[in-house]
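Architecture and fold: a report
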Amino acid sequence: MGRISERIRYVGVNDLQKVIFEGMWPLPFGVSYNSYLVISDKVALIDTVEAGFAAEYMDNIRKELGDRKVDYLVVNHMEPDHSSLIRLVREAWPDVRIVGNAKTVPMIKGYHGIADNIHIVKEGDSISLGDCTLTFYMAPMVHWPETMVTYLNEEKTLFSGDAFGTFGAVDGGIQDQTARLMGSSDSALDTFDAFRDEMRRYYSNIVGKFGQTVQAALKKLSGLEISRICATHGPVWEKNIPEVISYYDRLSRYDADNGVCIAYASMYGNTAAAAKALAAALEERGVECVLHNLCTENVSYAYRDVFKYNTLVVGSPTYNNDIFPPAYGFMYGVCARLVKNRRFAAFGSFTWAGASVKLLNEMASRAGMELISDGLSFPQAYSKEKCDMEALADKIAASLK
Ligand code: FEO
């Protein structure tokens, strides 16, 4: 997959071994760690890859460079999935000049013990490689403080770090003209459509809290003419650039489709029965909805759909006079992501005293969500009489009109 253009070569890797990314997020389709060479009179390497891929990575670089050396290593982002092999690159080419910003420097020292031959760049600084120039723009908190992007002026190419990245290993060539989501059953989909759900899951799981700073970065980048986006995960975007930028814009504004994400946790099946009754009632009314069981699924998928739909309904039994922990953990994560512009409702069973619905409503209200109803708290076993999901579905359907 090496050649992107005469100057730009892909030297990244697909990770199909890792099951859980960052110790939290499942990888049903794997993930790619993207790194790029810009080859001119001088050679720049943009970011590295995860620690376990040293041999494959160095092989990829040497296939493109032969005996030539790497002159610059640009560090757009210090998270270890992209920075783990900095020391290896320095060992392979001892004169390599590491390019980062002031916030990168202590991180390189702390992770790798490297403090020498570092070139510190500021907003708008450039480095000439000979017949082409790299320009650097700071993108703080997208999603770490040191994050920056690198622009290859002559090819209108943005090396964007994690921005515009996605979960999912890449098959069929790295560029979006041919790239496919590895392991996907639907090969007929356009590349952006094939990756859209994994992009939203990546965004919501990892970047979700930083909507405001992503918006600031998008505003800054809107002044650049961009014909190619080389992110650190997923395909290189060329033909799908309008869709990808517009989708990141929507996600970072917390803009969402009309529909309902029902996320529930249940100890003995009563709150689960209520969740399923609500889903059925919504379907009868033609309202799009998805159901997530927080006890059996990784929460990654529910966050993905919190960023898809404008209405969130959470079910939790009362446990220790509190919210049941799987539902609390989920709701904590929603609030931590500063999710905005959502309508909310809660439901759940209790045996001797109800607390979960009231506490969920309080969390949602503090997060600025609009309560559609007071919630449905019901004693002991679920029944239609005790927990009127038809009425809640009516309210939700009316709120979505
Ligand atoms: Fe892919 Fe923030 O690292």
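Our structure's up above, just so we're on the same page.
Here is what the cut-offs are and how they apply
Residues numbered from 1 in each chain as written. Predicted model: local features only at pLDDT ≥ 70, side-chain atom pairs only at ≥ 80, totals over all residues. Heavy atoms only, no water. Buried < 20%, exposed > 50% of the residue type's maximum accessible area, 1.4 Å probe, protein only. Helix = DSSP H or I, 4+ residues; strand = E, 2+ residues; numbered from the N terminus. Arc of directions from axis to C-beta. Axes fitted to C-alpha atoms, helices over the stretch in contact; angles between N-to-C directions. Parallel < 35°, antiparallel > 145°, perpendicular 65-115°, else oblique. Left-handed = near helix turned anticlockwise from the far one by under 90°. Contact = heavy atoms within 4.5 Å. Nonpolar A, V, L, I, M, F, W, Y, C, P; charged D, E, K, R; others polar. Core = buried A, V, L, I, M, F, W, Y, C linked by side-chain atoms within 4.5 Å. Domains from an automatic or database assignment. Polar contact = N/O pair within 3.5 Å; in protein donor to acceptor, adjacent residues only side chain to side chain. Salt bridge = Lys/Arg side-chain N within 4 Å of Asp/Glu carboxyl O. Pairing = 2+ DSSP bridges.

Moving on, we get to helix H6 (residues 211–221). Those residues of H6 that fall on the buried side of the exposure criterion are Gly211, Val214, Ala217, Leu218 and Leu221. End-on view of H6: buried residues confined to an arc of 120°, all on one side of the axis. The exposed set on the far side of H6, more than 90 degrees from its buried face, consists of Gln212 and Lys219.

It is at 11 Å that the axes of helix H5 (residues 191–207) and helix H7 (residues 241–252) come closest, and there the two elements cross at 30°. Our classification of the angle between H5 and H7 gives roughly parallel. Of the two elements, H5 crosses H7, and the hand of that crossing is right-handed. Contact with H5, carried on its side by Phe192, Arg196, Met199, Arg200, Tyr202 and Tyr203, involves Glu243, Val244, Tyr247, Tyr248, Leu251 and Ser252 of H7 and no other residues of that element. When grouped by side-chain class, the residues that make up the contact of H5 with H7 number eight nonpolar, one polar and three charged.

For the rest of this paragraph, the subject is the nonpolar core. Counting residues in each nonpolar core, the largest one holds 113 residues, and the members touching the most others are Ile61, Phe164 and Phe330. When residues of this core are assigned to their parent elements, the largest contribution, eight residues, is made by H5. No fewer than three residues from each of domain 1 (8–252) and domain 2 (259–400) sit in this core. Apart from residues no more than four positions distant in its own chain, Ile61 is found in contact with Val11, Leu37, Leu45, Val70 and Trp93. Grouped together as the second largest cluster of nonpolar side chains are 25 residues, Ala272, Ala275, Phe347 and Ile372 included.

Residue position: Tyr57 is located in helix H1 (residues 54–65). Counting along the chain gives 303 residues from Tyr57 to Leu360, while the straight-line C-alpha distance between them is 47 Å. Setting aside anything within four residues of it in sequence, one finds Tyr57 in contact with Val11, Val13, Ser35, Leu45, Asp47, Thr48, Val49, Leu85 and Val89. In this structure the side chain of Tyr57 is engaged in a polar contact, spanning 3.1 Å, whose partner is the backbone oxygen of Asp47.

With that settled, consider the environment of Asp95. Residue placement: Asp95 occurs in the loop between helix H3 (86–92) and strand E9 (97–100). Judged by relative accessible area, which is 58%, Asp95 ranks as exposed. With 24 residues separating them in the primary sequence, Asp95 and Asp71 have C-alpha atoms 7.1 Å apart. When sequence neighbours within four positions are dropped, the list of residues in contact with Asp95 reads Asp71 and Asn117.

Here Val142 and His143 are connected by a cis peptide whose omega angle stands at 10°. Mapped onto the secondary structure, His143 falls in the loop between strand E12 (133–138) and strand E13 (148–152). Residues other than glycine seldom take positive phi values, yet Asn117 does so here, at roughly 50°. When you line up the elements, Asn117 lands in the loop between helix H4 (104–112) and strand E10 (118–120). At Asn320, a residue that is not glycine, the phi angle is positive and equals roughly 50°. Inspection of the secondary structure puts Asn320 in the loop between strand E21 (318–319) and strand E22 (322–323).

Here we come to the pattern of salt bridges. Counting across every chain of the model gives 28 salt bridges. We note a salt bridge from Lys239 to Asp190, for which the minimum N-O separation is 2.5 Å. With Lys239 in the loop between strand E17 (228–231) and H7 and Asp190 in the loop between strand E16 (180–181) and H5, this residue pair connects regions lying 49 residues apart in the sequence. Accessibility expressed as a relative area gives 38% for Lys239, which makes it partly exposed. Salt bridges sharing partners connect three or more residues here, namely Arg7, Asp131, Glu155, Arg228 and Glu238.

One open sheet accounts for five strands, arranged E11-E12-E13-E14-E17; its pairing is mixed. Pairing within the sheet leaves two strands with one partner each, and these edge strands are strand E11 (126–128) and E17. Adjacent strand axes in the sheet meet at a mean angle of 20° when their direction is disregarded. As paired elements, E11 and E12 share three bridges and run antiparallel to each other. Paired with Ile127 across the bridge in E12 is Leu134.

The sheet built from six strands is open, its strands ordered E1-E6-E7-E8-E9-E10 with mixed pairing. Both outer strands of the open sheet, strand E1 (8–10) and E10, are each paired with one neighbouring strand and no more. Pairwise comparison of adjacent strand axes, ignoring direction, gives a mean angle of 25° for this sheet. Across three bridges, the pairing between E1 and strand E6 (residues 36–39) is antiparallel. Residue pairing for E6: Ile8 is matched across the bridge by Val38. Most of the contacts of H1 go to E6, to which it runs at about 20°, and overall it touches E1, E6 and strand E7 (43–46).

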